[in-house]
Amino acid sequence: MTKPPGKLLPLVAALLCGAVLAQAASPSSKPVTSASPVVSATPHHGLLSTPVTSKRGEPSSTKESTPPPVQPTPKPPADDWNLTDNGKVLYLTFDDGPQHEWTPKVLQVLRKHKAQATFFVLGIQVAQYPELIAAERAAGHHIGNHTYDHKTLTLLPDAKIRQEIAMGIKSKCLRPPGGGTNAKVEALGAAYHQRQVLWDVDTKDWEKPGAAHIEHAILAGARPGAIILMHDGGGNRSQTVAALDQALTKLTKQGYTYRALPC
Ligand SMILES: [Zn+2]
């Protein structure tokens, strides 16, 4: 009597083989993720550029039956740019400085009114007056990039635009000279992680229309979250200094406070 051919051996072999295969297929290797975050520019919101949001690269889909290990999703950065959510807050901004005569006077008025502001400075001026940048920072004001030497970016080839941005002060904000911008300028700024910031209220102080005129422009344009454009460089700014002092006296009585932009 012979035993029927054993079916046990092939079964064991199959089990062993299956175990090896299962081990080989286990998703011990990490899922492929894109190396750099995708930066997307969102559409405009009036004059103020909308936030630049960074999206985390999603893992590419894997064919394994077992899901890849779950990775914690990083918290999206808080959006500091909901400027109108802060109540009666104004964002005073000063371009074209620092300048040895007028910047200290602007700083003095801001200190008097317990106001914080944002200075969009020129690289060429920063090189000349680094101590004024230090004074602005020490007083709690923020600094934005107004390029190296105030060329109209829309008229420049890409390489020159990059140079103007890169040679300006390091900041999270870029204000193109004269507000001259387009999608390309905005994208090149974003490539340097600089958000384009324009303004809501143009006081036209650079035209020297008289202190009363500038003051009226500030008062008429004031509303929660408004970004107001003035200058502490580029010429005699005595009118700006006088108008600022008068306007802040009145606006503070109306309940306004003054903050620096998150630059
Ligand atoms: Zn300017």
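Residues numbered from 1 in each chain as written. Predicted model: local features only at pLDDT ≥ 70, side-chain atom pairs only at ≥ 80, totals over all residues.

J.: Would you mind going over unusual backbone geometry in detail, with residue names and values included?
T.: Geometrically, the link from Gly97 to Pro98 is a cis peptide bond, its omega value of -5° lying close to zero. Looking at the element boundaries, Pro98 is found in the loop between strand 3 (89–95) and helix 2 (102–112). One non-glycine residue with positive phi stands out, namely Lys114, at about 50°. Turning to its location among the elements, Lys114 is positioned in the loop between helix 2 and strand 4 (117–121). The class for Lys114 is exposed, based on 11 C-beta atoms found within 10 Å. Here Lys204, not a glycine, exhibits a phi torsion of approximately 55°, which is positive. Take Lys204: it is sitting in the loop between strand 8 (201–202) and helix 7 (211–221). In this structure Lys204 comes out as partly exposed when scored by C-beta crowding, with 14 C-beta atoms within 10 Å. (Helix = DSSP H or I, 4+ residues; strand = E, 2+ residues; numbered from the N terminus. Buried ≥ 20, exposed ≤ 12 C-beta atoms within 10 Å, placed from the backbone.)

J.: An account of helix 2 is requested, with residue identities and associated values reported.
T.: Among the residues of helix 2, Trp102, Thr103, Val106, Leu107, Val109 and Leu110 are the ones counted as buried. One face of helix 2 carries all of its buried residues, which in axial projection span an arc of 160°. Along helix 2, exposed side chains directed more than 90 degrees from the buried face belong to Gln108, Arg111 and Lys112. Tucked into the core, helix 2 has its buried residues touching strand 3, strand 4, helix 4 (130–138) and helix 8 (238–253). Positive phi appears at Lys114, one or two residues downstream of helix 2, with a value of about 50°. (Arc of directions from axis to C-beta. Contact = placed C-beta atoms within 7 Å.)

J.: Describe the packing of helix 7 against helix 8, and please don't skip the residues or the numbers.
T.: The interhelical angle for the contact between helix 7 and helix 8, taken along N-to-C directions, is 40°, at an axis separation of 8 Å. Classed by the angle they form, the pair helix 7 and helix 8 counts as oblique. Like other packed secondary-structure pairs, helix 7 and helix 8 cross with a definite hand, here right-handed. Taking contact as the criterion, the partners of Ala211, Ile214, Glu215, Ile218 and Leu219 in helix 7 are, on helix 8, Gln239, Thr240, Ala242, Ala243, Gln246, Ala247, Lys250 and Leu251. Its residues assigned to classes, the contact of helix 7 with helix 8 comprises eight nonpolar, three polar and two charged. (Axes fitted to C-alpha atoms, helices over the stretch in contact; angles between N-to-C directions. Parallel < 35°, antiparallel > 145°, perpendicular 65-115°, else oblique. Left-handed = near helix turned anticlockwise from the far one by under 90°. Nonpolar A, V, L, I, M, F, W, Y, C, P; charged D, E, K, R; others polar.)

J.: Residues and numbers for the nonpolar core, please.
T.: If you look at the biggest cluster of nonpolar residues, it comprises 45 residues, and the most contacted ones within it are Leu92, Val106, Ala117, Ile218, Ile228 and Leu244. Sort the elements by how many residues they give to this core and helix 8 lands first, with six residues. The contacts of Ile228, once residues within four sequence positions are left out, are Leu90, Tyr91, Leu92, Thr93, Trp199, Val201, Thr203, Ile218 and Gly221. (Core = buried A, V, L, I, M, F, W, Y, C linked by C-beta atoms within 7 Å.)

J.: Tell me about the pairing of strand 3, and name the residues and values.
T.: Most of strand 3 is tucked away, with six of its seven residues classed as buried. Pairing analysis gives two bridges linking strand 3 to strand 10 (residues 257–258), with the strands arranged parallel. When the bridges of strand 10 are listed, Val89 appears paired with Thr257. The sheet contact formed by strand 3 and strand 9 (residues 227–231) spans five bridges and is parallel. By the bridge assignment for strand 9, Tyr91 is matched with Ile227. Examined bridge by bridge, strand 3 and strand 4 share four bridges and lie parallel to one another. In the strand pairing of strand 4, Leu92 is matched with Ala117. For the crossover that starts at strand 3, traverses helix 2 and ends in the parallel strand 4, the hand is right-handed. (Pairing = 2+ DSSP bridges. Right-handed = clockwise from strand over helix to strand, strands pointing away.)

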